[in-house]
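# Structural overview
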Amino acid sequence: MAYSFLPQDSYNDRRNFPISFSGLPVFEDAAGAIWFPSLYDESGDFKRLKRTVSLGEVTDSNSGSISSNGSISRTSSTSSLSSVPRLQFRDHIWTYTQRYLAAEAVEEAAAAIVGAEEGGGVAGDGGSGDGMKLVQQLISCAEAVACRDKSHASLLLSELRANALVFGSSFQRVASCFVQGLADRLALVQPLGTVGYIAPKMNIMDIASEKKEEALRLVYEICPHIQFGHFVANSSILEAFEGESLVHVVDLGMTLGLPHGQQWHSLIRSLAKRPGPSPCLRITAIGLCIDKFRVIGDELETYAIELGLNLEFSVVESNLENLKPEDIKVVPGEVLVVNSILQLHCVVKESRGALNSVLQIIHELSPKVLVLVEQDSSHNGPFFLGRFMEALHYYSAIFDSLDAMLPKYDTRRAKMEQFYFAEEIKNIVSCEGPARVERHERVDQWRRRMSRAAFQPVPLKMLAQAKQWLSSINACEGYTIVEEKGCLVLGWKSKPIVAASCWKC
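In this text, all values refer to a predicted model and were calculated from it rather than measured experimentally.

Summed over the entire model, instances satisfying the criterion amount to 10 aromatic pairs. Plain terms: the ring middles of Phe231 and Trp469 are 5.3 Å apart, the flat faces sit at 15° to each other, and that makes the pair stacked. You can see Phe231 sitting in helix H9 (residues 225-240) and its partner Trp469 sitting in helix H17 (residues 463-472), a full 238 residues away along the chain. Overall, Trp469 belongs to the buried group, its relative accessible area being 12%. Three or more aromatic residues joined by ring pairs form one cluster here, namely Tyr394, Tyr395, Phe399, Tyr420 and Phe421.

This is the structure:
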């Protein structure tokens, strides 16, 4: 059975667009080219439709329409088109384009949400009817916010706050996070008739560091997402270090500053257990949390001494965008690897320049292996509504997994949801420009980015070991690991969550 989550007027708009484009204004440039707003093509990509017309067509003032074969005639003269106020003209196009894109984005994502949540996630305690109403309200509110309709969006937000409960069903809880994000975005956007986007006065990710650190620790301990990345990364690093006496790990971000450096405790233990002389290990941490990193480094050096391993730990105080090749000390003859756990998506910008710069610096280091672990979802699309629906689908799966792992009123779950996942959701939904740092992308997009940066894929041939590892940590039933074009993907009930890949120069 098919479901529709769009208001009736939105559905009618979408239905009419591909047929006659009724009500859609057109742009006209100096060369006589007629432009329509960007639309989806059949492959799901955004296309801009263009048709160049002759001078006779431009000057013709006879009435007509856009026919099915693409021929164009005018309902009014060119001068009448130019008489429309530019501000209203632009807003008209912008609003209707957003509505069309909403329909396209909702078709797949909303159906997937319903399919994934039929077991009770969307339905919640109030039955499937209430669950469907909540989905409809949430999407309608996102559409109103996208169209800068403040009055309608505010009304829907009031209704959503009453229905999206922090301690409700899994979908009610994830909806509450999206409601926070929509409210923040609505407060930042300017009304119709104005240009631009008001920058937030403070970073939306700024919350009490103690709460955020505790939430990160709980996510690491309870969810397999980060542990999966560490397992794949360490397995690949150990393979790269096989038979080497001088080895160097450059860690980008130290796994979001996770306390105690769990990933490297495991690596040190594995290196110390190898037969023969233990290698000399160097770890370089890159980031701005230098005090935290130094504490972690002291712990790791003490642990390495206990196991008879020589460890040198150093810190480079820099964010990735300002990193320079000379910041990283490379010793001749050492084997170097680069480790990036949930980090590189933060430097993905609209221009791609920041990420390209970081990848170029990494390439100059000539690492034997670059391990890349990232969220496997498309939260960096060009249109807000598309990102919104992708994020809703993605985090609905995560909240559903938390439902299966922890009791309903467990405070640990509330801390993870409100101080870790909710912060990601709010950043995706409410922020734009440099403030939007949670720019997650699918593994296919990362393949294209890495290939353009002259990196070559290193297939991960450890699916059996990864599945065995998943069983060994007693992960909740529902988590899966699959191999996809040489990458390993951790998912929840067939929904990809985290993807790991390896690259070489």
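We now examine the environment of Phe421. Following the sequence through the fold, Phe421 ends up in helix H15 (residues 411-430). Considered as a pair, Phe421 and Leu216 are 205 residues apart in the sequence and their alpha carbons are 9.4 Å apart. Non-local contacts of Phe421, meaning those with residues more than four positions away in its chain, are made with Val219, His225, Tyr395, Ile398, Phe399, Leu402 and Met416.

Taken together, Val166, Phe167 and Tyr409 make up a surface patch of nonpolar side chains, about 310 Å² in accessible area. One can find Val166 in the loop between helix H6 (150-163) and helix H7 (170-188). Owing to a relative accessible area of 37%, Val166 belongs among the partly exposed residues under this scheme.

A few words on the pattern of salt bridges. The full count for this structure, using the stated rule, is 20 salt bridges. The salt bridge partner of Asp403 is Arg173, with a shortest N-O separation of 3.1 Å. Of this pair, Asp403 sits in helix H14 (residues 384-405) while Arg173 sits in helix H7, and the two are 230 residues apart along the sequence. A relative accessible area of 1% places Arg173 in the buried class. We note a salt bridge from Arg412 to Asp410, for which the minimum N-O separation is 3.0 Å. Of the residues examined, Arg412 reaches a relative accessible area of 36% and is grouped as partly exposed. Residue class for Asp410 comes out buried when judged on its relative accessible area of 14%. Several salt bridges converge on common partners, so that one network encompasses Arg173, Asp403, Arg413 and Glu417.

When two helices pack together, you describe them by how their axes are tilted relative to each other and by the distance separating the axes. Viewed as axis vectors pointing N to C, H6 and H7 meet at an angle of 150°, and their least axial separation amounts to 10 Å. Here H7 runs roughly antiparallel to H6, going by the angle between their axes. Of the two elements, H6 crosses H7, and the hand of that crossing is left-handed. Across from Lys150, Ala153, Ser154, Leu157, Leu160, Arg161 and Asn163 in H6, the residues of H7 making contact are Gln172, Val179, Leu182, Ala183 and Leu186. For the contact of H6 with H7, a count of residues per class yields seven nonpolar, three polar and two charged.

Contact geometry for H7 and H14: axes closest at 8 Å, N-to-C directions at 145°. With respect to the hand of their crossing, H7 and H14 are arranged in right-handed fashion. Here Ser170, Phe171, Arg173, Val174, Cys177, Phe178, Leu182 and Arg185 of H7 lie close against H14, whose contacting residues are Phe384, Arg387, Phe388, Ala391, Leu392, Tyr395, Ser396, Phe399, Asp400 and Asp403. Considered class by class, the residues forming the contact of H7 with H14 number 11 nonpolar, two polar and five charged.

Counting all residues, the mean pLDDT for the chain is 80, and 71% of those residues have values of 70 or more. Predicted confidence for residues 119-126 stays below pLDDT 50, and this span has 14 contacts to residues more than four positions away or in other chains. Taken together, the stretch residues 202-206 has pLDDT below 50 and engages in 11 contacts with residues farther than four places along the chain or on a different chain.

In this section: the pairing of strand E9 (residues 335-341). Within E9, seven of the seven residues are buried, leaving the element largely enclosed by the surrounding structure. Residues Val335, Val337, Asn339 and Ile341 point to one face of E9 and Leu336, Val338 and Ser340 to the other, with burial holding for every one of them. Strand direction decides the pairing type here: strand E6 (residues 246-252) and E9, joined by six bridges, are parallel. Each bridged residue has a counterpart across the sheet, and for Val249 the counterpart in E9 is Val337. Judged from the five bridges that link them, E9 and strand E10 (residues 369-375) form a sheet pairing that is parallel. In the strand pairing of E10, Asn339 is matched with Val371. Taking the sense of rotation as the criterion, the β-α-β connection linking E9, helix H13 (residues 353-364) and E10 turns out right-handed.

In this section: the nonpolar core. General note: in soluble globular proteins, nonpolar side chains tend to be found buried as a group. Counting 100 residues, the largest nonpolar core has Leu138, Phe178, Leu182, Leu281, Phe388 and Tyr395 as the members making the most contacts within it. The dominant element in this core, judged by the number of residues it contributes, is H14, at 12 residues. Setting aside chain neighbours within four positions, we find Phe178 in contact with Leu138, Phe388, Ala391, Leu392, Tyr395, Ile425 and Val429. Membership of the second largest hydrophobic core comes to 26 residues, among which are Ile286, Leu344, Val358 and Leu372.

So, how was this worked out
Residues numbered from 1 in each chain as written. Predicted model: local features only at pLDDT ≥ 70, side-chain atom pairs only at ≥ 80, totals over all residues. Heavy atoms only, no water. Phe/Tyr/Trp six-rings, centres within 6.5 Å; stacked < 30°, edge-to-face > 60°. Helix = DSSP H or I, 4+ residues; strand = E, 2+ residues; numbered from the N terminus. Buried < 20%, exposed > 50% of the residue type's maximum accessible area, 1.4 Å probe, protein only. Contact = heavy atoms within 4.5 Å. Patch = residues over 30% accessible without salt bridge, like charges linked within 9 Å, V, L, I, M, F, W, Y side chains within 5 Å. Areas by Shrake-Rupley, 256 points an atom, 1.4 Å probe, with all protein chains shown as cover. Salt bridge = Lys/Arg side-chain N within 4 Å of Asp/Glu carboxyl O. Axes fitted to C-alpha atoms, helices over the stretch in contact; angles between N-to-C directions. Parallel < 35°, antiparallel > 145°, perpendicular 65-115°, else oblique. Left-handed = near helix turned anticlockwise from the far one by under 90°. Nonpolar A, V, L, I, M, F, W, Y, C, P; charged D, E, K, R; others polar. pLDDT = per-residue confidence, 0-100. Pairing = 2+ DSSP bridges. Right-handed = clockwise from strand over helix to strand, strands pointing away. Core = buried A, V, L, I, M, F, W, Y, C linked by side-chain atoms within 4.5 Å.

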